[in-house]
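Each chain is listed here by its residues.
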Amino acid sequence: MSDNIYSSDYVESLLQKYIQNEALRHHARMVGKAVKAYATSLNLDEDMVSQWWAAGTLHDLDWEFVPDQHPLYAVEQILRPAGYSELILQAILSHAPERSGRQPESALDRYLFACDELSGFMHAVSLMRPEGFNGMQVKSVSKKLKDLRFAANVSREDIQRGAQLIEKDLDSHISFLITVFQHE
Ligand SMILES: [Fe+2]
Ligand SMILES: [Fe+2]
């Protein structure tokens with residue numbers, strides 16, 4: 001396993017190669033940032049922090065060009081051959097349990113699952129606000145969650161399940177992510 005597959009240059013080059021849609025790349029970077037912030041808050045060592053970040057950033061790598069095979073294609077055809085750790089491969093599989101048949105188990109699995117759908121939802125909320133994430137309140141996010149017409153494609157069930165998986169109440173999970181995304 002070479003070190004440089006965890007460098008930001010290499011990970012970013014994969015995003016550039018496999019994802020053309022800038023919105024999806026942005027989602028990838030947001031999720032990477034979110035799981036990285038959680039890794040840091042859990043006092044994981046530097047190597048682990050970069051593995052968490054890479055898993056988050058690469059979790060949707062094949063979504064755009066082989067949606068039917070997502071995320072198995074990326075795991076088996078791109079990331080495993082590139083030398084990414086089993087920890088990362090399993091986390092990417094388990095962010096889509098209904099597709100991969102694999103449930104979130106490890107801490108990384110659970111945090112990735114918890115950050116994915118909620119980051120997407122919060123991004124949608126930020127687009128409605130002139131200041132984006134700056135000054136965003138937890139209650140404005142939870143209000144939008146209850147409005148099922150808003151970002152209707154985002155699974156509320158997955159968002160609730162994610163918070164349960166990391167044993168956090170949803171409000172503090174949202175609050176943590178507001179702080180993370182404010183510093184973009
Ligand atoms: Fe996905
Ligand atoms: Fe995603």
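All figures in this text were calculated on a predicted structure; none of them were measured in a lab.

So, how was this worked out
- Residues numbered from 1 in each chain as written.
- Chains lettered and ligands numbered in written order.
- Predicted model: local features only at pLDDT ≥ 70, side-chain atom pairs only at ≥ 80, totals over all residues.
- Heavy atoms only, no water.
- Donors = N, O, S within 2.8 Å, 3.2 Å for Na, K, Ca; no water.
- Helix = DSSP H or I, 4+ residues; strand = E, 2+ residues; numbered from the N terminus.
- Buried < 20%, exposed > 50% of the residue type's maximum accessible area, 1.4 Å probe, protein only.
- Contact = heavy atoms within 4.5 Å.

Tell me what's going on with the coordination of the iron ion (ligand 1), and back it up with residues and numbers.
Binding of the iron ion (ligand 1) to the protein goes through Asp60 (OD), His70 (NE2) and His95 (NE2), at separations of 2.1 to 2.3 Å. Each donor residue of the iron ion (ligand 1) lies on one chain, and together they are spaced D-x9-H-x24-H. If you look at the iron ion (ligand 1) and the iron ion (ligand 2), they sit 4.0 Å from each other and are both ligated by aspartate 60. Note that aspartate 60 is positioned in the loop between helix 3 (46-58) and helix 4 (72-82) and histidine 70 in the loop between helix 3 and helix 4, a separation of 10 residues in sequence. Look at aspartate 60 and you get buried, because its relative accessible area is 9%.

Tell me about the side chain of serine 126, and please be specific about residues and values.
Within the secondary structure, serine 126 is located in helix 7 (residues 107-127). Given the relative accessible area of 7%, serine 126 is considered buried. Beyond its immediate stretch of four places on either side in the chain, serine 126 contacts Gly132, Phe133 and Met136.

The values are spatial; any link to function lies outside them.
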